[in-house]
Amino acid sequence: MSSKLMSEELFADKKTGFFIYLFVEAIMFTTLFATYLIYTPPQTGPYPGELFEWQTTLFASLFLISSSGTLLLSEKGLKERKMKLIVAGVVITFLLGAGFMYFEIEEFRKFITDGHVVSTNNFLSAYYVLVGLHAVHVTFGLGWMIVLLVQGRLLPFNLFKEKHKIFNYYWHFVDAIWIIILLVVYIPYLF
Amino acid sequence: MKKLLPVLIMLFLTGCNVRTLNPVSETGADQAFLIKLSFGIMMFVVAVVCVLFIIFTVKYHENDLNRKDIPKHEEGSRVLEILWTTIPFVLLAILAVPTVMYTFQASNTEAGSEDTLHVDVIAEQWNWTFAYENGKETHKELVLPVDREVVLHLKSTDVIHSFWVPRLIGKRDTIPGEENELKVTPDQTGTYQGKCAEFCGLGHTDMRFDTEVIPAEEFEEWLSEEK
Amino acid sequence: MEFSFNGKSVFVPTDVIAGWLSVLIITPIVLYIIIKNRYWSTILDYTTTTNHRKIGTLYILFSMLFFLRAGVDALFMRTQLLTPENEFWVFQGEKYNELFTTHGTMMIFFVATPILIGLMNVAVPLQIGANDLAFPYLNLVGFYLFLTGGTIFFLAFFFNAAPNMGWTAYAPLSTDSYTPGPNNNFYIFGLQVSGLGTIFAAINMMATIIRLRAPGLTLSRMPLFPWATLITSFLILIAFPVLAIALLLLQFDRLYDATFFLGELGHPVYWQHLFWIFGHPEVYIIALPAFGIFSDIISNFSRKNVFGYTSMVISLTLIGLLALMVWVHHMFTVGLGAFSNTFFAITSMLIAVPTGIKVFNWLFTMRRGVISMKAPMMFALGFIPTFVMGGVTGVMLSSAAADMQFHDSYFVVAHLHYVIIGSTILAAFAAIYYWYPIMTGKILDDTLGKWHFWLFLIGFHLTFFLQHLAGLDGMPRRVYEYTQEDGVWSYNFISSIGAYLMAVSMLFFLWNIIKTHRSGAKAGDDPWDGRTLEWSVPSPPPEHPFERMPVIDRRDMFWWSKINNKPLPVAKNPRPSPIARRTFQPMFLAGSLFILSFGFIYGWVWVQILGGILSLSTFVIRAFSDERTEAYKREEEENEQ
């Protein structure tokens, strides 16, 4: 009873499955947010207010949030089947994501050189697990974008379109998690 | 059969003397009452299910007469389904009321009077230390006066243990970094087994202690004795 | 036993030596059987296929192997507890702790959960008229993750490093301050890897049931096993991610000196919350599919439709929802306060209502039916009273104040075995007898099946019934000995005898399988006079059983078509099926994760990096070898014409 193309049906399957997967991710991050809230502020220092710097957080956020915007550009290219726009969108998104990672790593590096490591106190442990897991997701996304650029040349367009769209969901989701991280981890202790 | 008989006799004897059902304190008695009440209600449920089960399996068992039959389609029955939804609610309510009551009672551990005895119970791998207010300490031996209220302050220095004297009162965990309390008034003298109920590593099995409940005068004497 | 090795003397316990010896003996025998019967092509076929039925069979096969291993652990425990102050072999103290940790963890994670996923794999697509699961490749990945996790955990014993902190891994005992060494790292990584596999399986099941049902098979016409699978998948999606994070935090405590769960600095009780937020739904994850299986089997062998179908579905859903808000009933003695304890006591009691509805619906399904006493039905009949007994002790346990006596005693041990064996294990056996024709095309011997059933059931009640009394008499769980004056000797003695009886019953099962493969009868199509769609296709079904896709307009449509002598109507233009393939990639991923896990377990950084690179490379390989490439190309070419 299906009048749809095979690729459309199979894409709808995959979309369903991937959204369920994102639900799983959401539960994982929820658990980590709960963990962070339980252990912060810690009984002994250093306290989050002493460590966070608003400049780093601001720049990192600007980069990551705008990368969701540029990815929308690429999605627009997908609709109109303009390969150039797609590639340009992905490349800019990649650069913005890499910029975000620069600030993230900078923040970790600074904490660690100052002697604030995972085992220092429970706040820092929770911080590293939560923000670290998010950073791992962004890094994975960066690698995924490189793969996606190659796939654009090799795969039939419909399959590429599907892979691109799945990546979009992933990237927007990771972005949304960052916004919650901002609200839960950083903002209460920055002001 | 000859070999089986002693076993059966022993079974019968031990069955009559089950520790948690022969409590020596009021709190313990409340808990034993709850166990018996819930057991009674639940036996009713098991009986109903078993009777229906036996009737249906015997009556509708496949045999030469019905082998070829095709039973009628039966969607369900509103009346029956409402019946077995509401009756469990009633049964549960009978159980829930005393449960709530006794749970609140058991967690009220405030000392009733000035006279209340306070004992610090410190669990560690794999030992029990009981510290009295006058500084006296014992290991693996808890001595309590009869008919006097006791508040036990449960602490742990390493992992989680659980303080359990089946005949006296149900268990409560000892958690590192936190303090739990138990309030109990033993009402019979005697020696009762105490055990660690929460798995705590290598020596868990041997982490036992004796609880001795003795008359008040003897207790005062014992307490003032130098150890 | 002491060994001299390079001038250093190494102590190896005799049970580990015996373990290695048995491997050295069994491996050549297995190899001989494989070579003699030329099983190579079959093995290659099963290990690289994405067909749901074959993957399901593999799940069941390996769960059964783990079942035997964990069962042997149980026999050692029961032998150690046979008499007061017994000293059996090496199983006192640490070795006994390793036994019950391995037994519990394996039975829950590598037997109960995967065997049900295996049965879902075999039956659910066929019951809903799907040619395969929505993501066949992911399905094979999920299986290999389960196998890898199970193997990692399985191997711990052979390196004399079996986990020893109980399957619940209560902190701070499970942190490296109190249990140093690799032992409990095996637990973390075994569970982490297989847990991911379980999540993938749940995603797959859910997407399949949402997207791939036959035309006309609305949710309200779906058989109850797929329904149970749907609810179970939902529970898995909530429970297992929480476990993953709990294990991650524990890993940070153990490997990187964090102090999440250490006393004084962290919150030991937080581990218990996380663990039981996972752990309680897990109980229903392994119980609900069993309910689904029994609903189908009881209806089938009573030749009658399920009584009160709607209330069956509603009660499944309610149990699923309530399962998410009762976890604190495992923590009544922690001291969380009277309010929280009573709240969770009441929610726990409420679960009895939908469960009771199901029990009575099963009973009334049989009423006015024709009950055919075949082996699968015997297991289903054994289930009803057994499970009810486990259920009522569950209600007793939910009474918070009384639970202070029950908690962590043998009463709890008895209760949990009554519900888990009573539902999951009996369901697994029932379903194996029931769906064996679908898995292999042959039918298991009914007489041997009945021997298996009766011995297992009698052995089971002998083993666990008296444990209730032992618990009430003050026997705590997880102890390796008791004294004469504890007065629990007779209970334990009879209990051990029961355990041996259960072991004997398993020999009948094994013999049944061997006999059936040697000389068993071909099942033929529809051997049980079935009601649901899986029996409308040949046994065993071909790769694409629903080439002629049926159109469904009622429940038990296949039964209806048989008694009315009307063939199933066929859909004109059914939706496309998922695309199958043959692939070694999941096997490669499994190997990579195996290396990665061992890197973490023993703290070898270079092995971690190697395993990490290999694991990530599977993503890249997969990205450029998608099985759909050809089909999509063809479609595009057709559209251009």
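Residues numbered from 1 in each chain as written. Chains lettered and ligands numbered in written order. Predicted model: local features only at pLDDT ≥ 70, side-chain atom pairs only at ≥ 80, totals over all residues. Heavy atoms only, no water.

## Overview of the overall build of chain A
The cut-off we apply is this: Secondary structure is summarised from DSSP: a helix means a run of H or I of at least four residues, a strand means a run of E of at least two, and numbering begins at the N terminus for each. Think of it in three bands: residues with accessible area under 20% of the maximum for their type are buried, residues over 50% are exposed, and the middle band is partly exposed, with areas taken using a 1.4 Å probe on protein chains only. Contacts are assigned to residue pairs with any non-hydrogen atoms lying within 4.5 Å of each other. Working convention for charge: Lys and Arg count positive, Asp and Glu count negative, and His plus the chain ends are omitted. Where a charge sits is defined by one atom per residue type, namely NZ (Lys), CZ (Arg), CG (Asp) or CD (Glu).
Broken down by element type, chain A carries 6 helices and 0 strands. A buried classification covers 55% of the 191 residues belonging to chain A. Looking at chain A alone, contacts between residues at least 24 apart form 79% of all its contacts between residues at least 6 apart. Between the averaged position of the 14 positive side-chain charges in chain A and that of its 14 negative side-chain charges there is a distance of 14 Å.

## A short note on the overall build of chain B
Put simply, the rule is: For a compact globule the rule gives 2.2 Å times the number of residues to the power 0.38, and the radius of gyration it is set against comes from C-alpha atoms.
Along chain B, the regular secondary structure elements total 4 helices and 10 strands. Reading the helices (α) and strands (β) of chain B from amino to carboxyl end gives α-α-α-β-β-β-β-β-β-β-β-β-β-α. Computed over C-alpha atoms, the radius of gyration of chain B comes to 25 Å, more than 25% over the 17 Å expected from 2.2 N^0.38 for 227 residues, which places it beyond the range of a compact globule. Dimensions of chain B along its principal axes, counting C-alpha atoms only, are 85 × 50 × 35 Å. By the burial criterion, 49% of the 227 residues in chain B qualify as buried.

## Here's the deal with the interface of chain C and chain B
Condition: A quick way to say it: buried area is the sum, across both parts, of accessible area lost when two parts are put together, with a 1.4 Å probe. Here, a salt bridge means any side-chain nitrogen of Lys or Arg that lies within 4 Å of a carboxyl oxygen of Asp or Glu. As used in this structure description, the phrase polar contact means that two N or O atoms lie within 3.5 Å; if the pair is within protein, one of them must be able to donate a hydrogen and the other to accept it, and residues adjacent in sequence are counted only when both atoms belong to side chains. Just so you know the grouping, Ala, Val, Leu, Ile, Met, Phe, Trp, Tyr, Cys and Pro go in nonpolar, Asp, Glu, Lys and Arg go in charged, and all remaining residues, Gly too, go in polar.
At the junction of the two partners, chain C supplies 97 residues and chain B supplies 86 residues. Carbon and sulfur atoms make up 67% of the surface buried where chain C meets chain B, a total of about 7,900 Å² over both sides. The largest per-residue losses of area from chain C upon contact with chain B belong to F360, M404 and Q405 of chain C, which jointly make up 9% of the total buried on that side. Counting every contact that joins chain C to chain B gives 7 salt bridges. A salt bridge links E74 of chain B to K304 of chain C, with the shortest nitrogen-to-oxygen separation between them at 2.9 Å. The interface formed by chain C and chain B contains 32 residue pairs in polar contact (both at pLDDT 80 or more). In the side of chain C that touches chain B, the residues fall into 56 nonpolar, 26 polar and 15 charged.

## Looking at empty space enclosed by the protein
Residue and element names in this part refer to chain C. Defined as follows: A pocket, in this scheme, is an open set of points on a 1 Å grid over the protein atoms alone with protein on both sides within 12 Å along at least 5 of 7 lines, while a cavity is a set where a 1.4 Å probe fits but cannot get out; residues line either one if an atom lies within 4 Å of a point. Grid points are joined across faces, edges and corners, and a volume is the space filled by probe spheres set on the points.
Tallying each qualifying case throughout the model produces 8 cavities of 30 Å³ or more. Its boundaries defined by the atoms lining it, the largest cavity holds a volume of some 90 Å³. Of the residues contributing to the lining of the largest cavity, the split by class is 7 nonpolar, 3 polar and 6 charged. By volume, the second largest cavity amounts to about 70 Å³. Along the walls of the second largest cavity sit G129, A130, N131, L212, R213, A214, P215, M549, P574, R575, P576 and S577, which together make up its complete lining.

## Focus on the packing of helix 5 (residues 136–155) of chain C against helix 18 (residues 585–602) of chain C
Residue and element names in this part refer to chain C. Inclusion rule: Axes here refer to lines fitted to C-alpha atoms; in helices the fit is confined to the stretch in contact. Angles between the N-to-C directions go from 0 to 180 degrees. Definitions for this section: a left-handed crossing has its near helix turned counterclockwise from the far helix by less than a right angle. A right-handed crossing has that turn clockwise.
For the pair helix 5 and helix 18, the least separation of the axes is 9 Å and the interaxial angle reads 35°. The hand of the helix 5/helix 18 crossing is right-handed. For the pair helix 5 and helix 18, the contacting residues are Y137, L140, V141, Y144, L145, T148, T151, I152 and L155 in the first and Q585, P586, M587, L589, A590, L593, F594, S597, F598 and I601 in the second. Across the contact of helix 5 with helix 18, the residue classes break down as 15 nonpolar, 4 polar and no charged.

## Focus on the side chain of E162 of chain A
Note that E162 of chain A resides in helix 6 (residues 157–190). At 2.4 Å, the side chain of E162 of chain A forms a polar contact with the side chain of R628 of chain C.

## Focus: the state of the cysteines
All names here are of chain B. For clarity, the cut-off: For this text, the term disulfide refers to a pair of cysteine sulfurs within 2.5 Å.
With the rule as written, the count across this model stands at 0 disulfides over all chains. Here C200 is not disulfide-linked; the sulfur of C196 is the nearest cysteine sulfur, at 3.9 Å. In this structure C200 comes out as buried when scored by relative accessible area, which is 0%.

## Some thoughts on the UniProt feature "transmembrane region" (unreviewed entry) in chain A
All names here are of chain A. So the rule is basically this: UniProt positions are given in the numbering used here, feature names are shortened, and annotations may be inferred rather than shown by experiment.
Per the UniProt annotation, the sites labelled "transmembrane region" (unreviewed entry) are residues 20–39, 51–73, 85–105, 125–149 and 169–189. Strand forms 0% of residues 20–39 and helix 100%; the C-alpha atoms that close the span are 29 Å apart. Overall, residues 51–73 shows 91% helix and 0% strand. The separation of its end C-alpha atoms is 36 Å.

## Remarks on the sheet that holds strand 2 (residues 127–132) of chain B
Residues and elements named next belong to chain B. Our working rule: The rule for pairing is simple: two strands pair if DSSP sees at least two bridges between them.
Spatially, 3-2-1-5-8 is the arrangement adopted by the 5 strands of the open sheet, whose pairing is mixed. Looking along the sheet, the strands with just one partner apiece sit at the ends: strand 3 (137–139) and strand 8 (180–184). Ignoring which end each strand starts from, the neighbouring axes of this sheet average 25° apart.

## Notes on the arrangement of the chains
The top pair by number of contacts, from a total of 2 pairs of chains in contact, is chains B and C. Left apart from each other, chain A and chain B have a closest C-alpha approach of 13 Å.

## Structural notes on the pairing of strand 7 (residues 169–174) of chain B
Residues and elements named next belong to chain B. Across the 6 residues of strand 7, 6 count as buried, placing the element largely inside the fold. Relative to strand 7, strand 6 (residues 161–165) runs antiparallel, the two being bridged by 4 bridges. For S162, the partnering residue across the bridge sits in strand 7 and is D173.

## Re the domain arrangement of chain B
Residue and element names in this part refer to chain B. Basically, it comes down to this: A domain assignment, automatic or from a database, supplies the domain bounds used here.
Here chain B is described as being made up of domain 1 (4–63 + 76–107) and domain 2 (117–224). Facing 10 residues of domain 1, the contacting portion of domain 2 comprises 14 residues. Taking both partners together, domain 1 and domain 2 bury about 990 Å²; carbon and sulfur atoms supply 52% of that area. Contact with domain 2 buries surface across domain 1, with R19, V24 and S25 losing the most and accounting together for 57% of the total. Put simply, domain 1 and domain 2 have 0 salt bridges between them. Counting across the interface, domain 1 meets domain 2 through 5 residue pairs in polar contact (both at pLDDT 80 or more). Classifying every residue of the side of domain 1 that touches domain 2 gives 2 nonpolar, 6 polar and 2 charged.

## Digging into the interface of chain A and chain C
Every contact between the two is made by 45 residues of chain A and, on the other side, 54 residues of chain C. Together, the buried faces of chain A and chain C total about 4,300 Å²; carbon and sulfur atoms form 70% of this surface. Where chain A meets chain C, there are 6 salt bridges. R211 of chain C serves as the salt-bridge partner of E9 of chain A, at 2.8 Å between the closest nitrogen and oxygen. Linking chain A with chain C are 15 residue pairs in polar contact (both at pLDDT 80 or more). A per-element tally of the side of chain A that touches chain C places helix 1 (residues 6–39) of chain A first, with 22 residues.

## Brief notes about the packing of aromatic side chains
For any pair of aromatic rings, geometry is given as the distance between the ring centres together with the angle between the planes. To keep things clear, this is the line we draw: The aromatic pairing rule takes the rings of Phe, Tyr and Trp, using the six-membered ring of Trp, and pairs them if the centres are within 6.5 Å, calling planes under 30 degrees apart stacked, those over 60 edge-to-face and the rest tilted. Note on geometry: a ring has a charge over it if NZ (lysine) or CZ (arginine) is within 6 Å of the ring centre and within 35 degrees of the ring normal.
Applying the stated criterion across every chain, the model contains 112 aromatic pairs over all chains. With centroids separated by 5.3 Å and ring planes inclined at 75°, the aromatic side chains of Y132 of chain B and W222 of chain B adopt a geometry described as edge-to-face. Taken together, the residues span a long stretch of sequence, with Y132 of chain B in strand 2 and W222 of chain B in helix 4 (residues 216–224) at a distance of 90 residues. In this structure Y132 of chain B comes out as buried when scored by relative accessible area, which is 4%. Seen from their ring centres, F186 of chain C and Y602 of chain C are 5.9 Å apart, and the 85° between their planes marks the pair as edge-to-face. Separated by 416 residues along the polypeptide, F186 of chain C in helix 6 (residues 183–211) and Y602 of chain C in helix 18 bring together distant segments of the chain. For F186 of chain C, a relative accessible area of 0% corresponds to the buried category. The ring of W222 of chain B is capped by K136 of chain B, whose NZ or CZ atom sits 4.1 Å from the centre of that ring. It is K54 of chain C that lies over the ring of Y46 of chain C; its NZ or CZ is 5.7 Å from the centre.

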